[in-house]
Amino acid sequence: MWLVMSAPNMGTLSTSDRKDAEMLGMALPLKRTTLSVLAFTVFLAACDTAEERAEGHYENALALLEDGDVARAKVELRTVFSLVPNHLAARETFARVLLEEGQRGAAFGQYMRLVEQVPDSLEPRLIVAEMLMLDNVFEVAEEHLEKALEIAPDDPRVEILANTMAYRDAVISEDVEARRAAGSRARALVERAPDSIVNNSVVADSLMLDEDYRTMLAELDRIQATVPDERRFYQLRLTGYVRIGDAEGIERTIREMIEAFPDDEGLPSTLMRFYASQGNLDGAEEFLRSRIEEGVQDDGVRVSLIRFLAQARSPEAALDEALRRVEEGTNDDFFRSVEASLRYDMGERDAALAIFDEILESSEPSAQLDNIKATYAQLLLSEGNDVGARALVEEVLSTDPSHVASLLMRAEWLVEDDRADEAILALRAAQDQDPENPRIFTQLAEAHLRNGERDLAGEMLALAVETSNRAPEESIVYARFLAADARLKPAEAILIDALRLAPRTIELLSELASVYVQLEDWGRAGDVERELREIGSPVAVEIANRVQLAALQGQGRSDEAVAFLEDLNAGAEDEGAIGADIAIAQTLLRDGNALGAVEHLQGLLQQAPDNATVRFFLGSALTANQQYDEAATLFRALIDEGATGERVWIELIRALNLAERPDEADAALSEALIAAPDAPDLKWIQASQRERAGDIDGAIAIYEDLYAANSDSAIVANNLASLLSTYREDDASLERAERISRRLRDTDVPAFQDTYGWIQYLRGNYAEAVAYLTPAAEGLQEDAMVQAHLGLALAAADRPEDAIAQLERALDAAGDDPRRAFALARERLSELQNRDTAE
């Protein structure tokens, strides 16, 4: 308070007051002197530039790194950036520290900053390109490689990246000679860069594709001595041992991987599958139990055991183990959530959801609680509670934007909404946290497929197989993808690899048999059939019968196929006998003998006159035999007797249309939609009907409903995008059509090519439009609309002569059709024909 007594009148003070005041008077100059010194010091400090202070913090950071104090060094480096954001040396050091810590996503961001700041700097550009190649993002890596080649074409790391790009291109194009040449160059570059992960990956992969597994394993000994913690080399070693059938090597490698990557929940399952293939489930359980130290928290090893028990023993055994871990008390909330998940799978759904609710209400916020919320969200999705699931996921991501399980769910929803680019960003963020998660690669494949990037999708599926250690599910998905592209031999190799780790897996054998049937390799198809029969379970035998039937039919041995089915019929129970008899009829239909199928089913109907299944297939055979009225009568009778399944209605409508009874067909459709209002195929028929009647908005509304229910359907996507782009002119509709149609890129289906090409025309991408519309017009020569689309695109691409011929052809076929595309075609044709007499 004394500071407020300024300018005192000394004459009014007492002696004691005067002494106090004199003392204060002595004190005040001292305080002023101290403040003056402080002010002077601040003034001198201000003379240090921000750059000089940043340099001091940078030197401190280097000293701390030298002492091993990484956390404090990172604080110092961040201080540098607050003073001098473009401090290149600090940025490079920070990026290197993050990379060494395994924070690949954060490190990549720092190196990209360096590339942007100093475009001609070689080192950060090389590291960015290497990281992109290791993540299989070759399209972006190529841009950085081109710049690196300009800067230092003779640098060995640049040579390695260029050679890796050539190797990858050769693998995709299946150019064996070019691939081997790139592999040879990679081996020559080893001496100049022995620890290059990128180059060593090419060396090992090339030897694997050449099936030189023993040399590959020897090379991996050298490589892993240099880079011991790189997972891809463990996986290549595992492949080598699988291919040469070295069971001891397989077991040793999986065990080493479990020790090296303790957080990978899939590795114990891989070991379990291997032990199961050796008939040693007890050995697998013993190993998994040996990793548990009672009373010491280690959730991963306990979950691995619980998962094994659920797969190899029984759900009850897994639940007992989960309850034991709850009682153990190392992590009550977590193992209660495991208990709840198991109860849900066992059908105790209400009890499971109640446990999750209780955990969420009683637990404090934490990273573990975020994981439990994500698991709960997945259960809510299974319950059909999409709103509740999304709310939980957004709640988790609001506190932890890098939460992997939540990012996976968000990405799935983004793909469903045709926001594939955003989904890929979310999945890349998840990959930064969990770079070896096969689920991430599988979902990246789905996102790339939705974007029409089939090559990238294939690469992601291959990585899913690799990171899952050739798990059956991932292997089957990738094999089907390859088979759809007619790459049947690679599909065979994927399935065989998976079977070496999990022999006698019925699902893998079934898929392999399908590949052999498509290859028309009847000998190997027979080998798989016999192995399925040796397994002997009802499911295995049923698949074996299908394989044998497909092989007989594929070889044109129809009489033997019928005889085989009759033998099955003779030894089957009632339902099985009917199934075999129906299969006989289907075989006759496949051979074009519709009358024979009708007679066979009529004979069967005499034995079982009330069997609705036989009557349904007889109706289908009557339709195939052009007995449309009889078929319609039979289907109507089935419906009147209570058979209201979607297929019965569809077959009735089809028979009535073929019998040229359209009014009755329309009436039947109206009845069907009352009986089964959500049946997708019936709604499809209704959409087509409305389109023919000119009710385009009604047709679009139906396709919107179908698309919302199943956005994975390429046909629904095509039809919706086609209607939006053909009949609507607003920007929002065109933008939506463009997003939906992205999956149609690189398609060879003429109708899809027309949709995608027309949308590209409307977007002003005329060269791409012509590229798609040309094959579409060749494939759909009778479709006037498709011909008009091509003519308009040719005109826009400045090919007037070709456009005139194409538009004339389209308009001749269209007649007086008033639709927008034809009106535009007439206008454009007139302009082209009169272009030399400009107004």
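For the structure, see preceding data.
Right, let's walk through the structure included here. No experiment lies behind these values; they were computed from the predicted model shown.

This brings us to helix H5 (residues 104–117). Taking 1.5 Å of rise per residue, 14 residues should cover 20 Å, and H5 covers 20 Å from first to last C-alpha, within 8% of that figure. Burial in H5 covers these residues: Gly 105, Ala 107, Gln 110, Tyr 111, Leu 114 and Val 115.

Attention now moves to the packing of aromatic side chains. Taken as a whole, this structure holds 12 aromatic pairs when the rule is applied. A ring pair is formed by Phe 334 and Phe 335, whose centres lie 4.9 Å apart and whose planes are at 80°; its orientation type is edge-to-face. Of the residues examined, Phe 335 reaches a relative accessible area of 0% and is grouped as buried. Just above the ring of Phe 81 sits the side chain of Arg 91; from NZ or CZ to the centre is 3.9 Å.

Right, let's get into the environment of Ser 314. Inspection of the secondary structure assignment puts Ser 314 in the loop between helix H16 (299–313) and helix H17 (315–328). Accessibility expressed as a relative area gives 21% for Ser 314, which makes it partly exposed.

Here the focus is the packing of helix H25 (residues 454–467) against helix H26 (residues 472–484). One way to put it is that H25 packs onto H26 with a least axis distance of 8 Å and a crossing angle of 150°. With respect to H26, the element H25 is oriented roughly antiparallel. When you trace H25 past H26, the crossing you get is left-handed. Contacts between H25 and H26 involve Arg 454, Ala 457, Gly 458, Leu 461, Ala 462, Ala 464 and Val 465 from the first element and Glu 474, Ser 475, Val 477, Tyr 478, Phe 481 and Ala 484 from the second. Here the residues of the contact of H25 with H26 are counted per class, giving nine nonpolar, two polar and two charged.

In summary, soluble globular proteins display a tendency toward joint burial of nonpolar side chains. By size, the foremost hydrophobic cluster in this structure holds 68 residues, and its most contacted members are Ile 440, Leu 444, Tyr 478, Leu 495, Val 528 and Leu 532. With eight residues, helix H22 (residues 404–416) is the single largest residue contributor to this core. Excluding residues within four positions of it along the chain, Leu 444 makes contact with Ile 424, Leu 427, Arg 428, Gln 431 and Met 460. Ranked by size, the runner-up nonpolar core spans 49 residues in total, among them Val 203, Tyr 241, Phe 274 and Leu 288.

Helix length check: helix H23 (residues 420–433) (14 residues) gives 20 Å between terminal C-alpha atoms against 20 Å at 1.5 Å per residue, within 8%. The inward-facing, buried residues of H23 abut H22 and helix H24 (438–450).

In total, this model carries 69 salt bridges according to the counting rule given. Its salt-bridge partner being Arg 237, residue Asp 221 comes within 2.9 Å of it at the nearest N-O pair. Of this pair, Asp 221 sits in helix H11 (residues 213–226) while Arg 237 sits in helix H12 (residues 231–244), and the two are 16 residues apart along the sequence. Between Glu 511 and Arg 480 there is a salt bridge; the shortest N-O distance is 3.0 Å. Pair noted here: Glu 511 is in helix H28 (residues 506–519) and Arg 480 is in helix H26, with a separation of 31 residues, a long-range link. One salt-bridge network, held together by shared partners, links Asp 282, Glu 285, Arg 289, Glu 294, Arg 302, Arg 313, Glu 321, Arg 324, Arg 325 and Glu 328.

The next point concerns the environment of Gln 548. Residue placement: Gln 548 occurs in helix H30 (residues 538–554). With relative accessibility at 23%, the residue Gln 548 sits in the partly exposed group. C-alpha separation for the pair Gln 548 and Glu 529, spaced 19 residues apart in sequence, amounts to 6.8 Å. For Gln 548, the residues in contact, after removing those within four places along its chain, are Glu 529, Arg 533 and Phe 564.

Rules used throughout
- Per chain, residue numbering runs from 1 following the sequence as it is written.
- Owing to the predicted nature of the model, reporting of local features is limited to residues with pLDDT of at least 70; listing and counting of side-chain atom pairs is limited to 80 or more, with chain, interface and lining totals taken over all residues.
- The side-chain numbers reported here are obtained from all heavy atoms of the structure, hydrogens and water having been left aside.
- In this text, helices come from DSSP runs of H or I with a minimum length of four residues, and strands from runs of E with a minimum of two, each type numbered from the N-terminal end.
- Between the first and last residue of a helix there are one fewer steps than residues, each counted as 1.5 Å, and that sum is the expected span.
- Exposure classes here rest on a 1.4 Å probe applied to the protein chains alone. A residue is buried below 20% of its type maximum, exposed above 50%, and partly exposed in between.
- In this analysis, rings of Phe, Tyr and Trp, with Trp reduced to its six-membered ring, are considered paired at centre separations within 6.5 Å, and the interplanar angle assigns stacked below 30 degrees, edge-to-face beyond 60, and tilted for intermediate values.
- Charge-over-ring contacts are defined here by two conditions on Lys NZ or Arg CZ: a distance within 6 Å of the ring centre and an angle within 35 degrees of the ring normal.
- Helix axes are fitted to C-alpha atoms over the stretch in contact, other axes to C-alpha atoms as well, and angles between N-to-C directions run from 0 to 180 degrees.
- Reported orientations rely on four angle classes, namely roughly parallel under 35 degrees, roughly antiparallel over 145, roughly perpendicular from 65 to 115, and oblique for the rest.
- Should the near helix be turned counterclockwise from the far one by less than a right angle, the crossing is left-handed, whereas a clockwise turn marks it as right-handed.
- Whether two residues touch is decided by their heavy atoms; if any such pair falls within 4.5 Å, the residues are in contact.
- Nonpolar residues are Ala, Val, Leu, Ile, Met, Phe, Trp, Tyr, Cys and Pro. Charged residues are Asp, Glu, Lys and Arg, and all others, Gly as well, are polar.
- We call a set of buried residues a nonpolar core when its members are Ala, Val, Leu, Ile, Met, Phe, Trp, Tyr or Cys and they connect through side-chain atoms within 4.5 Å of each other.
- Salt bridge, as used here, is a side-chain nitrogen of Lys or Arg placed within 4 Å of a carboxyl oxygen of Asp or Glu.

It is worth stressing that arrangement in space is one thing and function is another; only the former is reported here.
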